[in-house]
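Single-letter residue listing:
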Amino acid sequence: MQITTERLTLREFESDDWPAVLAYQQDPRYLEFYPWSTRTESDVKEFVQWFLDEQAESPRRRFQLAVVRRDTGALIGNCGIRRKPDSDQEADIGYEIAPEHWGRGYATEAAAALIEHGFTEMGLHRVSSWCIAGNGASARVLAKLGLQQEGRLRENEFFKGRWWDTLVFGLLKNEWSPPKT
Ligand SMILES: CC(C)(COP(=O)(O)OP(=O)(O)OC[C@H]1O[C@@H](n2cnc3c(N)ncnc32)[C@H](O)[C@@H]1OP(=O)(O)O)[C@@H](O)C(=O)NCCC(=O)NCCS
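Across its full length, the protein chain carries five helices and eight strands. From first element to last, N terminus to C terminus, the protein chain shows the α and β order β-β-α-α-α-β-β-β-α-β-α-β-β. For 181 residues, the compact-globule estimate of 2.2 N^0.38 gives 16 Å, and the protein chain sits close to it at 16 Å. When its C-alpha atoms are laid out on the principal axes, the protein chain stretches across 40 × 40 × 35 Å. Taking all 181 residues of the protein chain together, 28% fall into the buried category. Across the protein chain, the fraction of contacts at a sequence separation of at least 24, relative to all contacts at a separation of at least 6, is 56%.

Have a look at this one:
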């Protein structure tokens, strides 16, 4: 699958994408809200392999795509839409962008395209997501995309020596507006 937006191409991962992923996943700013404290070459090769394996799923339920800038061709992150294991009509979305490219609307642009794909091509009724409560940038992206905060799971994650709350978000098809052309 490939999706083109105003500034981005969302394309399938390739095995030689791992160095670009490693370059940003080693950044402490990226790692702040993940259980990982560091990332190695073998961690990231395994990470990319998960997405190569998804491409072989039949029927395909998960689409985790590389986010590539159209102007430079640089891989700057990834984003995904994944049907829930127990529902064909609900999928969750996720995204990550290299810190040097933060704050320019790339995560929102990529995720908006996935949501459109979910509601128009995948037959979804509901799109959901979540983030660690302190991850203000991720919560803001979800709000900009029109997802409503539906709950707060108190201290349901433990990593880096402490408990973290998680915010849960959702968007129904009848609440979603297609982008204006
Ligand atoms: C979350 C993430 C993907 C956002 O990427 P991005 O391309 O910078 O996102 P956008 O530019 O589309 O939007 C970011 C918004 O958050 C805002 N923001 C940034 N830091 C913030 C903070 N600490 N608190 C509140 N809002 C914040 C920005 O101002 C912007 O909102 P605005 O357009 O209203 O000004 C990026 O920070 C990231 O990759 N983080 C590490 C991985 C991660 O946490 N992924 C999500 C896991 S749930």
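Right, let's get into the environment of Leu 8. Locating Leu 8 in the fold gives a position in strand S2 (residues 8-12). Sequence separation between Leu 8 and Ile 76 is 68 residues; the distance between their C-alpha atoms is 9.6 Å. Residues within four places of Leu 8 in sequence aside, it is in contact with Val 67, Val 68, Arg 69, Arg 70, Tyr 106, Glu 109 and Ala 110.

So, on to the sheet that holds strand S6 (residues 126-132). Taken in spatial order, the eight strands make up an open sheet running S1-S2-S3-S4-S5-S6-S8-S7, and their pairing is mixed. The open sheet has two edge strands, strand S1 (3-4) and strand S7 (148-159), and neither has a second partner.

Quick look at the site of the ligand now. Surrounding the ligand, one finds 19 residues, the nearest of these being Trp 102, Ala 107, Thr 108, Gly 136 and Arg 140. Counting residues per element, the ones that place at least two in the shell around the ligand are strand S5 (90-97), helix H4 (106-120) and helix H5 (136-144). Of all the elements, H5 adds the most residues to the shell around the ligand, at five residues. For the shell around the ligand, the per-class residue count stands at 10 nonpolar, six polar and three charged.

Next up on the list: the nonpolar core. The tendency in soluble globular proteins is for nonpolar side chains to be buried as a group. Formed by 41 residues in total, the largest nonpolar core has its most connected members in Val 67, Cys 79, Ile 93, Ala 110, Ala 111, Leu 114 and Ile 115. Residues contacting Ile 93, with those up to four places away along its chain left out, are Gly 80, Ile 81, Ala 111, Leu 114, Ile 115, Val 127 and Ser 129.

Helix H3 (residues 41-54) packs onto helix H1 (residues 18-25) with a crossing angle of 120 degrees between their chain directions and a minimal axis gap of 9 Å. When the axes of H1 and H3 are compared, the pair comes out oblique. In the packing of H1 onto H3, the handedness of the crossing is right-handed. Between H1, through Trp 18, Val 21, Leu 22 and Gln 25, and H3, the contact on the second element is made entirely by Glu 41, Val 44, Lys 45, Phe 47 and Val 48. A breakdown of the residues in the contact of H1 with H3 according to their chemical character gives six nonpolar, one polar and two charged.

Over its 15 residues, H4 extends 21 Å from the first C-alpha to the last, a length consistent with the 21 Å expected when each residue adds 1.5 Å. Taken together, the buried positions of H4 are occupied by Tyr 106, Ala 107, Ala 110, Ala 111, Ala 113, Leu 114, Ile 115, Gly 118 and Phe 119.

A word on the environment of Leu 31. Turning to its location among the elements, Leu 31 is positioned in helix H2 (residues 28-31). Given 16 C-beta atoms within a 10 Å radius, Leu 31 is considered partly exposed. Put simply, Leu 31 and Ile 93 are 62 residues apart on the chain and 19 Å apart in space, counted from C-alpha to C-alpha.

Another point: unusual backbone geometry. Cis geometry marks the peptide bond from Ser 58 to Pro 59, where omega comes out at -5 degrees. Mapped onto the fold, Pro 59 is located in the loop between H3 and strand S3 (62-69). In this structure, Glu 155 takes a positive phi of about 45 degrees despite not being glycine. Relative to the assigned elements, Glu 155 resides in strand S7. We classify Glu 155 as exposed; it has 11 C-beta atoms within 10 Å. Of note, Lys 160 is a non-glycine position whose phi angle comes to about 50 degrees, a positive value.

The rules behind each value
- Residues numbered from 1 in each chain as written.
- Predicted model: local features only at pLDDT ≥ 70, side-chain atom pairs only at ≥ 80, totals over all residues.
- Helix = DSSP H or I, 4+ residues; strand = E, 2+ residues; numbered from the N terminus.
- Rg over C-alpha atoms; globule rule 2.2 N^0.38 Å.
- Buried ≥ 20, exposed ≤ 12 C-beta atoms within 10 Å, placed from the backbone.
- Contact = placed C-beta atoms within 7 Å.
- Pairing = 2+ DSSP bridges.
- Near = placed C-beta within 6 Å.
- Nonpolar A, V, L, I, M, F, W, Y, C, P; charged D, E, K, R; others polar.
- Core = buried A, V, L, I, M, F, W, Y, C linked by C-beta atoms within 7 Å.
- Axes fitted to C-alpha atoms, helices over the stretch in contact; angles between N-to-C directions.
- Parallel < 35°, antiparallel > 145°, perpendicular 65-115°, else oblique.
- Left-handed = near helix turned anticlockwise from the far one by under 90°.
- Expected span 1.5 Å × (residues − 1).

Honestly, that's just the spatial picture; any functional story needs more than this.
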